[in-house]
Amino acid sequence: EVDNSRDSESEESEEENPAEMNMIWIFSRRFQLSVPKLASSRRVVQELLSDLLHISHRLFSDSFFPVLEPVIGVGSACEGWSPHKEEDVVYCMFVPLKPPPGHAFHLEPDTTADVPQRSMRVRVELVCTCTGEQNTLCFLHHSEEELKRNQVSCLLYTLCTGPYLDVEKIALWFQTFVISAWSVVPQSHHYDVQVLPSSRSCKMKLTKASGKSLFVETIFSVQQGDSDIFLSSQPTEARLPPSTTWLESYAVAEAKFFRHVARQAPPRSCHLKCLRLCARLLEGSGFSIYALKTTVMHLLTLIPLSEWQHGYLLLRVDDIMSYLHCCLEEKRLKHFFFGNEDMPEEISLPPAFQEAQPVNLFQHLAQDPAAQIEAMKEFDKL
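Residues numbered from 1 in each chain as written. Predicted model: local features only at pLDDT ≥ 70, side-chain atom pairs only at ≥ 80, totals over all residues. Heavy atoms only, no water.

An unreviewed UniProt entry lists the protein under the name IPIL1 protein, with Machaerirhynchus nigripectus given as the organism.

Draft legend 1. Quick peek at helix α3 (residues 38–59). If you check α3, its first and last C-alpha atoms are 31 Å apart, about what 22 residues at 1.5 Å a residue would give, namely 32 Å. Within the span of α3, buried status applies to Leu38, Ser41, Arg42, Val45, Gln46, Leu48, Leu49, Leu52, Leu53, Ile55 and Ser56. (Helix = DSSP H or I, 4+ residues; strand = E, 2+ residues; numbered from the N terminus. Expected span 1.5 Å × (residues − 1). Buried < 20%, exposed > 50% of the residue type's maximum accessible area, 1.4 Å probe, protein only.)

Draft legend 2. Inspection of unusual backbone geometry at higher detail. One non-glycine residue with positive phi stands out, namely Arg268, at about 60 degrees. Within the secondary structure layout, Arg268 lies in the loop between α7 (251–264) and α8 (271–282). Using a relative accessible area of 16% as the deciding quantity, one classes Arg268 as buried. Backbone geometry places Lys331, a non-glycine residue, at a positive phi of 55 degrees.

Draft legend 3. Fine view of the packing of aromatic side chains. For the structure on display, the rule yields 15 aromatic pairs. The interplanar angle of 55 degrees and the centroid separation of 5.7 Å between the aromatic rings of Phe174 and Phe177 together place this pair among those described as tilted. A residue pair is termed a helical-turn pair when its members lie 3 or 4 positions apart in one helix, as Phe174 and Phe177 do in helix α6 (residues 167–181) at 3 residues. This pair shows no difference in class: Phe174 is buried, exactly as Phe177 is. Ring geometry for Phe257 against Phe258: centres 5.6 Å apart, planes inclined by 80 degrees, an arrangement best described as edge-to-face. For the pair Phe257 and Phe258, a shared accessibility class is recorded, and that class is buried. Through a chain of ring-to-ring contacts, three or more aromatic side chains come together here, namely Tyr250, Phe257, Phe258, Phe336, Phe337, Phe338 and Phe353. For the cation-ring pair, Arg121 lies above Tyr164, with the distance from its terminal atom to the ring centre recorded as 4.1 Å. Seen from the ring of Trp308, Arg316 lies directly overhead, with NZ or CZ sitting 6.0 Å from the centre. (Phe/Tyr/Trp six-rings, centres within 6.5 Å; stacked < 30°, edge-to-face > 60°. Lys NZ or Arg CZ within 6 Å of the ring centre and 35° of its normal.)

Draft legend 4. Fine view of the pattern of salt bridges. Scanning the model with the defined rule gives 11 salt bridges in all. Measuring nitrogen to oxygen at the nearest pair gives 3.7 Å for the salt bridge that ties Glu69 to Lys98. Taken together, the residues span a long stretch of sequence, with Glu69 in the loop between β1 (67–68) and β2 (72–74) and Lys98 in strand β3 (residues 90–98) at a distance of 29 residues. The class for Glu69 is partly exposed, based on a relative accessible area of 26%. On the basis of relative accessible area, Lys98 is assigned to the partly exposed category, the value being 33%. Shared partners join several salt bridges into a network, and the residues in it are Glu79, Glu254 and Lys293. (Salt bridge = Lys/Arg side-chain N within 4 Å of Asp/Glu carboxyl O.)

Draft legend 5. Examining the packing of helix α9 (residues 289–302) against helix α10 (residues 313–330) more closely. Contact geometry for α9 and α10: axes closest at 10 Å, N-to-C directions at 115 degrees. Comparing the axis directions of α9 and α10 gives the class roughly perpendicular. Handedness of the crossing formed by α9 with α10: right-handed. Along its contact with α9, which presents Ala291, Leu292, Thr295, Val296, His298, Leu299 and Leu302, the element α10 presents Asp319, Ile320, Tyr323 and Leu324. For the contact of α9 with α10, the residue count by class is 8 nonpolar, 2 polar and 1 charged. (Axes fitted to C-alpha atoms, helices over the stretch in contact; angles between N-to-C directions. Parallel < 35°, antiparallel > 145°, perpendicular 65-115°, else oblique. Left-handed = near helix turned anticlockwise from the far one by under 90°. Contact = heavy atoms within 4.5 Å. Nonpolar A, V, L, I, M, F, W, Y, C, P; charged D, E, K, R; others polar.)

So this is what it looks like as structure tokens:
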């Protein structure tokens, strides 16, 4: 979790250069940049999910459902820069899945899904558990009668379609579990829960007696090896892929990058405020927040962190918008995690990522000159 309280709570009260402060004040009022109390709500959400997972481990310890690993906060709310008003913030949490005993996950490229993201399927294989050390029955070497008599059902028969892990079945299983387990979690004394419709994740609305609400989205994920790259149940496009398709996600690596920057940056660094402000500037336009976030991540490795002090806010906002403008002109914005020589060492990437050619996030503009001209016009208006 990123602790950005030093950025958000003290900055308005300290002395600033008057001209600079006047400009920041105008921007802040124009874009309503009062910083929501993200950190405390984030802790509430993480404690709630930790308690739910603790109950799930007790409940499913003798069954063969996926093992739910500790949650990882991802996305702008957990990175500390959400551009939304407090009541509209969604706290996104990855829940990594590990195979239960007697099972193994194998990741296979998915050539069936017509989606822009890299996609894979998670094939579930049965493995032998005849070690003599455990009393569990082996799915490979015990008869169907023995398994039925002991009411043991493998993961292939519960949450898979064919041999592949099924996102929609997992989402429904977890949603049902949340509803049935809610009365047992301590937070049930303070919040009412409503599980919102979602076919590939678990979306929850937590409401206090005062009427104040928190929105949480639990996204299921499978780690690629021991790297910070995961397969995610949640697509970014409006079009839903097949239920056995998992999409490659860089959200955990991104959250780790912002934690790395928070540790290295000077007190009251303005990089998160720059992100919030630029996201507000781009609101309602055709520009993706992900392109903006990628731009800021590149600049955080190109501009020394000492030059992200709060007094440099407007200069850095200008740098961000200029960089984005150049990328539009050149029809090229490099993906941050492919072929990037400036990657912090603590971020673990699959070997293929380091050797890969940079992926162009503006490839669609390179292929469609009319779209690029339109994007340039829209950017000039901004």
